[in-house]
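Working through the structure, step by step
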Amino acid sequence: MTKLDSVGYGVATGKIILMGEHAVVYGEPAIALPFPAVRINAKVEKIAQSIVELDCYFYQGPLTEAPQQLTNLITAIKESLAVLQQPQQGFKLSITSTVPAERGMGSSAAVAVATIRALFSYFKQPLADSVLLELTNQAEKIAHGNPSGLDAAMTSGSVPLYYVKNQPFAPISLNLKAYLIVADTGITGQTKKAVADVAALLESHPQEIGDKIVTLGNLVKQSKHAIEENNPVLLGGYMNQAQQILVDLTVSSPEIDLLVAAANQAGALGAKLTGGGRGGCLVALATTKSAAEQIEAALIEAGATITWIYQIGEK
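Residues numbered from 1 in each chain as written. Predicted model: local features only at pLDDT ≥ 70, side-chain atom pairs only at ≥ 80, totals over all residues. Heavy atoms only, no water.

**Considering the sheet that holds strand β11 (residues 306-312)**
Sheet architecture is open: four strands sit in the order β9-β10-β8-β11, paired in antiparallel fashion. A single partner strand is all that each edge strand has here, and the edge strands are β9 (270-274) and β11. Here the average twist between neighbouring strands, direction ignored, is 20°. Judged from the seven bridges that link them, strand β8 (residues 178-184) and β11 form a sheet pairing that is antiparallel. When the sheet's bridge partners are listed, L180 is paired in β11 with Y310. Against the sheet, helix α7 (residues 232-248) engages β8, β9 and β10 (281-286), with an angle of about 50° to β9. Seen against the sheet, helix α8 (residues 254-265) touches β9 and β10 and runs at an angle of roughly 155° to β9. (Pairing = 2+ DSSP bridges. Helix = DSSP H or I, 4+ residues; strand = E, 2+ residues; numbered from the N terminus. Axes fitted to C-alpha atoms, helices over the stretch in contact; angles between N-to-C directions. Contact = heavy atoms within 4.5 Å.)

Next up, the structure:
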């Protein structure tokens, strides 16, 4: 084995689905943004023992004894080492994260991206984007069964994407100058249950629910134009319309509804859940930093457990 005295580092960001949750399952578009306000850092360093040691929030110890919930991380390590043609021994992987787990921010993909980057950095090997995405998606299959690839692309990239199922990702020109205020309800999202419930609704009320899904898709298309034309007021209106449809689809929650109302009452241009719903996070929109801070304060007052303000567009 090559003598390595250096340390390898890898970073990944979170992601936000701005528009298109649930409708994307049925072939409608979605808009997703990288969310660098939260990130994961991975560090690989040499150790004397002939093991791989893990140090993360959920577990500290040998890789061989890691719990089932870390299977996606274990997969990322093993598949990366296979590509690198390196044995599973002689290093420690440390992971620190500000991406909340199970909140629709792409935490599992971000862990994989940061880990893969750190391993390739440690072994001093170049990492092509295509290899990074392939390895991340292998880990994501463990976490989510049949991932769209959106989380892998978002947590490893730096540009917003317009996504339609089974079609190539299309970058969006982010001309919008605004502030996103993201708030965590403190409640774990229930994506799988929410997706299943929408499917059941569609089966029992095909016309009514089908129309709502198509409307959500149209709102995404209109939102794309609003972003490209730097029209945050229009985008905020589309966000509010989308949230009402998501409420009708039963994927919101009392906690999300409360925070959405608080954001709008505090002057948000629009506010809606982000991700699978039934918990998780919401995103609100403002045009100035002072307005964003006012909305953030209202969200904290209304019970948000953690908040972030992220400036998009020109600084």
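Don't stop here, the text continues.
**Re the packing of α7 against α8**
Two numbers describe how α7 lies on α8: the axes approach to 12 Å, and their chain directions differ by 160°. As judged from the angle between their axes, α7 and α8 are roughly antiparallel. Helix-helix and strand crossings are classified by hand; for α7 and α8 the assignment is left-handed. Contacts between α7 and α8 involve N240, Q243 and V247 on the former and, on the latter, I256, D257, V260 and N264. For the contact of α7 with α8, the per-class residue count stands at three nonpolar, three polar and one charged. (Parallel < 35°, antiparallel > 145°, perpendicular 65-115°, else oblique. Left-handed = near helix turned anticlockwise from the far one by under 90°. Nonpolar A, V, L, I, M, F, W, Y, C, P; charged D, E, K, R; others polar.)

**Regarding the packing of helix α6 (residues 206-228) against α7**
Geometry of a packed helix pair, given as the angle between the helix axes and the separation of the axes. Where α6 meets α7, the closest approach of the two axes is 9 Å, and the angle between their N-to-C directions is 160°. The orientation of α6 relative to α7 falls into the category roughly antiparallel. Crossing handedness for the pair α6 and α7: left-handed. Counted together, K212, T215, L216, L219, Q222, S223, A226 and I227 of α6 and L234, L235, Y238, Q241, A242, I245, L246 and D248 of α7 form the full contact between these two elements. Here the residues of the contact of α6 with α7 are counted per class, giving ten nonpolar, four polar and two charged.

**Structural notes on the environment of I187**
For I187, the location among the structural elements is in the loop between β8 and α5 (191-204). A residue is classified by how much of its surface remains accessible, and I187, at 28% relative accessible area, is partly exposed. Taking the C-alpha atoms as reference points, I187 and I256, 69 residues apart in sequence, are found 9.7 Å from one another. Those residues in contact with I187 that lie beyond four places of it in its chain are R103, E255, R278, G279 and G280. (Buried < 20%, exposed > 50% of the residue type's maximum accessible area, 1.4 Å probe, protein only.)

**Some details on the packing of aromatic side chains**
Summed over the entire model, instances satisfying the criterion amount to seven aromatic pairs. Ring centres of Y57 and F58 lie 5.4 Å apart, and the angle between their planes is 80°; on these two criteria the pair is classed as edge-to-face. Accessibility expressed as a relative area gives 46% for F58, which makes it partly exposed. A centroid spacing of 4.9 Å and a plane angle of 80° characterise the contact between Y122 and F123, whose relative ring orientation is edge-to-face. The exposure classification of Y122 matches that of F123, with both residues buried. The structure contains a cluster of three or more aromatic residues connected by ring pairs, namely F35, W308 and Y310. (Phe/Tyr/Trp six-rings, centres within 6.5 Å; stacked < 30°, edge-to-face > 60°.)

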